[in-house]
2 protein chains.
Amino acid sequence: LKRILAVPFSKQDMSDLTAEVEVYWLGDLNERDLDRLLPSVDGLFVNLWPKELDAQRLDAMSNLRFVQSGFAGVNHIPFQALPKGVVVSSNAGGFSDEVGEFAWALLLAAAKRVTEFNSKWKENADKTPLELGRRVMVLKGKTLGVLGYGGIGGSVATYGRAFGMKVRAFSRKDIPGVESLTGEAGLTSILKESDAVVIALPLTNITKNLIGEKELSLMKPGAVLVNVARAEIVEERAVYEHLQRNKTFVYATDVWWTKEGKETYPPEMPFFDLENFIGTPHVSGPSAVPGRGPQNNAVENLLRFARGEAVRNVVVASDYL
Amino acid sequence: LKRILAVPFSKQDMSDLTAEVEVYWLGDLNERDLDRLLPSVDGLFVNLWPKELDAQRLDAMSNLRFVQSGFAGVNHIPFQALPKGVVVSSNAGGFSDEVGEFAWALLLAAAKRVTEFNSKWKENADKTPLELGRRVMVLKGKTLGVLGYGGIGGSVATYGRAFGMKVRAFSRKDIPGVESLTGEAGLTSILKESDAVVIALPLTNITKNLIGEKELSLMKPGAVLVNVARAEIVEERAVYEHLQRNKTFVYATDVWWTKEGKETYPPEMPFFDLENFIGTPHVSGPSAVPGRGPQNNAVENLLRFARGEAVRNVVVASDYL
């Protein structure tokens, strides 16, 4: 039996995993037992990378071959410290519907100005519906840019098509029925032409700070930008200043900038003072956990590893080094 | 040429109408000219019923055969004062996409708690994403009740299917692929089983106060109720008290109760003090006006009348008497 060291969402309903694998829960081990176990561990199952597994302990894991992330993103994993030849899998697909739904909620709240109308109701009491209605974006016939076309991006594109939008993807994949663009020219084209843009990319060396001052300035003045991926894909100061200068532009995000290894919510900059900002406390992924989709998706992949089958969602380590 | 007395959204781009019909704009006529014109008017094109056209003036309109509403709803039309044999058409279909989109924005804002997370960010700073994520409703696999299956209800059902929801309709129509129920038993079943309910019914004698204390008590404690139709379909005090008692239930509305002939926004009762309430200033229909869908839809029907063709969207007058 393969030995897995696990820090899962919860031990509950992990019977599929424990039936075929020898599982050790990190929280159950004292330092001595952990150090004794490390050389025999074949695989890791982690959510946010546990601080116990520092570079020294990783060096001791001479048997380690596989790391399964519980999160969809793997940017929390210390790739530079992993022993050579260790395969890392993301939990792509485990959150597609739930995070996609949440992205669409943010997109619609921004396009229809729901948060603003709801909170500023006193200010609008004397305005006519026709006057206020002009501030509402109609999605049908408009263009949706989907940055990253994994499970989440695919869900978002499905909703966009149901709403009669023209979908354009920023992706290295060939996607049947969807215009797919790459590189700086592709990104420029999508940002210029889209009325709404959803970021559903992994955070890698390539995507970090992908959307800065220049990219924001390419976007339509009344566009909506939604982020359900990782905050660092967007430059914090650039988007803050863009929102200050462009009152019809909306940035709606569920994800927050990491400072000193911690996702900072609320943010350091006064985003919540801006009317054209919508922020939620990184609940899109966690909203999938009660339905067990992410857990089951990760366990299935761990079982593939345990059985010697080809694992899925292997990430390209060099994108993270 | 038929004579139409019109109070349209705006005179702009009414060339399709004026090319085939003799149009008089109510706002251009003084009292004397209006009174002189009335006996020769064949049709009316109105938005909110104009106060100039009182019962006495309607009596003078001996030639009147047709009333086209600019609004999707016709509850503003004084059916009891209309001369016998006058056909009334709603503007059904003119707002389907835009009001449908808005309904989905309200539904998602409620299901994902977007307005609450965005405004109460200080209160949630110390809570974990997993804890907060439990408050988010995932739509996939859930049941959507659509009350009224006209153009707007149809759009909403399309979105529901794209989100993987099971759609149940409260409608007298046979709808291919959708379970369609009628009567008190049908309504009870839909209210009991739905996780989200969208009201897209016309306001008639039958639908007025359709959703009162009893009906609300049938719904799931964590359900979402969206209203983009007319406020009076829901009993004001009943829904207020239901929201006070059931903090996980959300009522999200774009429409407001009419008091003394005027839609009152903000409402008399302190709905905006409730965290589980979302309100927008009746912008869903008006958001369609810049795109000219409602105007074109109404003009097409007026041209059918002018050409002696069968008009569409004829309402059953007895539903409003």
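Residues numbered from 1 in each chain as written. Chains lettered and ligands numbered in written order. Predicted model: local features only at pLDDT ≥ 70, side-chain atom pairs only at ≥ 80, totals over all residues. Heavy atoms only, no water.

Caption draft 1: View of the pattern of salt bridges. Tallying each qualifying case throughout the model produces 33 salt bridges over all chains. The shortest N-O distance in the salt bridge between Arg57(A) and Asp35(A) comes to 2.7 Å. Placement of the pair is Arg57(A) in helix 3 (residues 55-60) and Asp35(A) in helix 2 (residues 31-37), with a sequence separation of 22 residues. Note that Glu179(B) is salt-bridged to Arg168(B), the shortest N-O span being 2.7 Å. Of this pair, Glu179(B) sits in strand 8 (residues 179-181) while Arg168(B) sits in strand 7 (residues 166-170), placing them 11 residues apart in sequence. Three or more residues are tied together by salt bridges with common partners; here these are Glu31(A), Asp35(A) and Arg57(A). (Salt bridge = Lys/Arg side-chain N within 4 Å of Asp/Glu carboxyl O. Helix = DSSP H or I, 4+ residues; strand = E, 2+ residues; numbered from the N terminus.)

Caption draft 2: Quick look at unusual backbone geometry. Backbone torsion omega between Tyr265(A) and Pro266(A) reads -5°, so that peptide bond is classified as cis. For Pro266(A), the location among the structural elements is in the loop between strand 13 (262-263) and strand 14 (277-279). Phi angles above zero are rare outside glycine, and Asn313(A) is one such case at about 60°. A positive phi angle, near 50°, is found at Glu260(B), a position not held by glycine. With respect to the element layout, Glu260(B) can be found in the loop between strand 12 (258-259) and strand 13 (262-263). Here Glu260(B) falls in the exposed class, since its relative accessible area comes to 85%. (Buried < 20%, exposed > 50% of the residue type's maximum accessible area, 1.4 Å probe, protein only.)

Caption draft 3: Local environment of the nonpolar core. Residues Trp104(A), Leu144(A), Trp104(B) and Leu144(B) are the most contacted members of the largest nonpolar core, which totals 88 residues. When sequence neighbours within four positions are dropped, the list of residues in contact with Leu144(A) reads Trp104(A), Leu107(A), Val156(A), Ala157(A), Gly160(A), Met165(A), Lys166(A), Val167(A), Arg168(A), Ser194(A), Ala196(A) and Val198(A). Grouped together as the second largest cluster of nonpolar side chains are 36 residues, Ala231(B), Ile233(B), Leu243(B) and Tyr265(B) included. (Core = buried A, V, L, I, M, F, W, Y, C linked by side-chain atoms within 4.5 Å. Contact = heavy atoms within 4.5 Å.)

Caption draft 4: Broad picture of the sheet that holds strand 5 (residues 87-89) of chain A. Residue and element names in this part refer to chain A. Spatially, 5 strands are ordered 2-1-3-4-5 in an open sheet, and the strand pairing comes out parallel. The sheet terminates laterally at strand 2 (22-25) and strand 5, the two strands that pair on one side only. Between one strand axis and the next, the sheet turns through 20° on average, direction left out of account. Lying over the sheet, helix 11 (residues 293-306) contacts strand 1 (3-6), strand 3 (43-46), strand 4 (66-69) and strand 5, oriented at roughly 170° with respect to strand 4. (Pairing = 2+ DSSP bridges. Axes fitted to C-alpha atoms, helices over the stretch in contact; angles between N-to-C directions.)

Caption draft 5: View of the interface of chain A and chain B. Contact with chain A, which involves 45 residues of that partner, is made by 45 residues of chain B. Buried surface at the junction of chain A and chain B, both sides included, amounts to about 4000 Å², of which 74% is carbon and sulfur. Of all residues in chain A, Glu101(A), Asn118(A) and Trp121(A) bury the most surface against chain B, accounting for 15% of the area lost on that side. The interface formed by chain A and chain B contains 4 salt bridges. Glu101(A) is the salt-bridge partner of Lys112(B), the closest N and O atoms lying 2.7 Å from each other. Taken together, the connections running from chain A to chain B amount to 10 residue pairs in polar contact (both at pLDDT 80 or more). (Buried area = accessible area lost by both parts, 1.4 Å probe. Polar contact = N/O pair within 3.5 Å; in protein donor to acceptor, adjacent residues only side chain to side chain.)

Caption draft 6: View of the side chain of Arg304(B). Residues and elements named next belong to chain B. Checked against the element boundaries, arginine 304 lands in helix 11 (residues 293-306). By relative accessible area, arginine 304 is classed as buried at 11%. A polar contact of 2.9 Å, which involves the side chain of arginine 304, links it to the side chain of asparagine 301. Setting aside residues up to four positions removed in sequence, arginine 304 forms contacts with Glu309, Ala310, Val311 and Arg312.

Caption draft 7: Representation of the environment of Val21(B) within the structure. All names here are of chain B. Structurally, the position occupied by valine 21 is in the loop between helix 1 (15-20) and strand 2 (22-25). Accessibility expressed as a relative area gives 3% for valine 21, which makes it buried. With near-sequence residues (within four places) excluded, valine 21 lies in contact with Lys2, Ile4, Leu303 and Ala306.

Caption draft 8: Geometry of the packing of aromatic side chains. Taken as a whole and judged by the stated rule, the model has 30 aromatic pairs over all chains. Ring centres of Tyr159(A) and Phe163(B) lie 3.8 Å apart, and the angle between their planes is 5°; on these two criteria the pair is classed as stacked. Residue Tyr159(A) is located in helix 7 (residues 151-162), and its partner Phe163(B) is located in the loop between helix 7 (151-162) and strand 7; the two belong to separate chains. Ring geometry for Trp104(B) and Phe163(B): centres 5.4 Å apart, planes at 55°, overall tilted. (Phe/Tyr/Trp six-rings, centres within 6.5 Å; stacked < 30°, edge-to-face > 60°.)

Caption draft 9: Representation of the relation of the copies chain A and chain B. Least-squares fitting of chain A to chain B yields an RMSD of 0.0 Å, with the superposition described by an axial translation of 0.0 Å and a rotation of 180°. Within this description, the copies of the chain are treated as partners about a two-fold rotation axis. No C-alpha of chain A approaches the rotation axis more nearly than that of Thr115(A), which lies at 2.6 Å. Taken as a fraction of all interface residues of chain A, those also at the interface in chain B reach 100%, which identifies the copy contact as same-surface. (Least-squares fit on C-alpha atoms with pLDDT ≥ 70 in both.)

Caption draft 10: A look at the packing of helix 4 (residues 96-111) of chain A against helix 4 (residues 96-111) of chain B. Relative orientation of the contacting elements helix 4 of chain A and helix 4 of chain B amounts to 120°, with a least axis distance of 9 Å. In terms of orientation, helix 4 of chain A lies oblique with respect to helix 4 of chain B. Like other packed secondary-structure pairs, helix 4 of chain A and helix 4 of chain B cross with a definite hand, here left-handed. For the pair formed by helix 4 of chain A and helix 4 of chain B, the contact residues are Glu101(A), Trp104(A), Ala105(A) and Leu108(A) on the first element and Glu101(B), Trp104(B), Ala105(B) and Leu108(B) on the second. (Parallel < 35°, antiparallel > 145°, perpendicular 65-115°, else oblique. Left-handed = near helix turned anticlockwise from the far one by under 90°.)

Caption draft 11: Representation of the sheet that holds strand 7 of chain B. Residue and element names in this part refer to chain B. Reading across the sheet, the 7 strands line up as 8-7-6-9-10-11-14 and stay open at both edges, with parallel pairing between neighbours. Bordering the open sheet on either side are strand 8 and strand 14 (277-279), each of which pairs with just one other strand. Adjacent strand axes in the sheet meet at a mean angle of 15° when their direction is disregarded. Where strand 9 (residues 196-199) and strand 10 (residues 224-227) come together, 4 bridges link them in parallel fashion. Residue pairing in the sheet places alanine 196 in a bridge with valine 224 of strand 10. Together, strand 6 (143-147), strand 9, strand 10, strand 11 (250-253) and strand 14 form the strand contacts of helix 4, whose direction differs from that of strand 10 by roughly 155°. Strands in contact with helix 8 (residues 183-193) are strand 6, strand 7, strand 8 and strand 9; relative to strand 7, the strand with the most contacts, it is inclined by about 150°.

Caption draft 12: A look at the pairing of strand 11 of chain B. Residue and element names in this part refer to chain B. A two-sided burial pattern is seen for strand 11, the buried positions comprising Val250 and Ala252 on one face and Tyr251 and Thr253 on the other. Where strand 10 lies against strand 11, 4 bridges are found, and the strand directions are parallel. Directly across from valine 226, in strand 11, lies its bridge partner alanine 252. In this view, the connection linking strand 10 to its parallel neighbour strand 11 by way of helix 10 (residues 236-245) has right-handed handedness. With 3 bridges connecting them, strand 11 and strand 14 associate as parallel partners. Looking at strand 14, one finds that alanine 252 is bridged to isoleucine 278. (Right-handed = clockwise from strand over helix to strand, strands pointing away.)

Caption draft 13: Layout of helix 10 (residues 236-245) of chain A. Within helix 10 of chain A, burial applies to Glu236(A), Ala238(A), Val239(A), Tyr240(A), His242(A) and Leu243(A). The elements touched by buried residues of helix 10 of chain A are helix 9 (213-218), strand 11 (250-253), strand 12 (258-259) and strand 14 of chain A.

Caption draft 14: Seen up close, the environment of Pro290(A). Within the secondary structure, Pro290(A) sits in the loop between strand 14 and helix 11. Residue class for Pro290(A) comes out exposed when judged on its relative accessible area of 51%.

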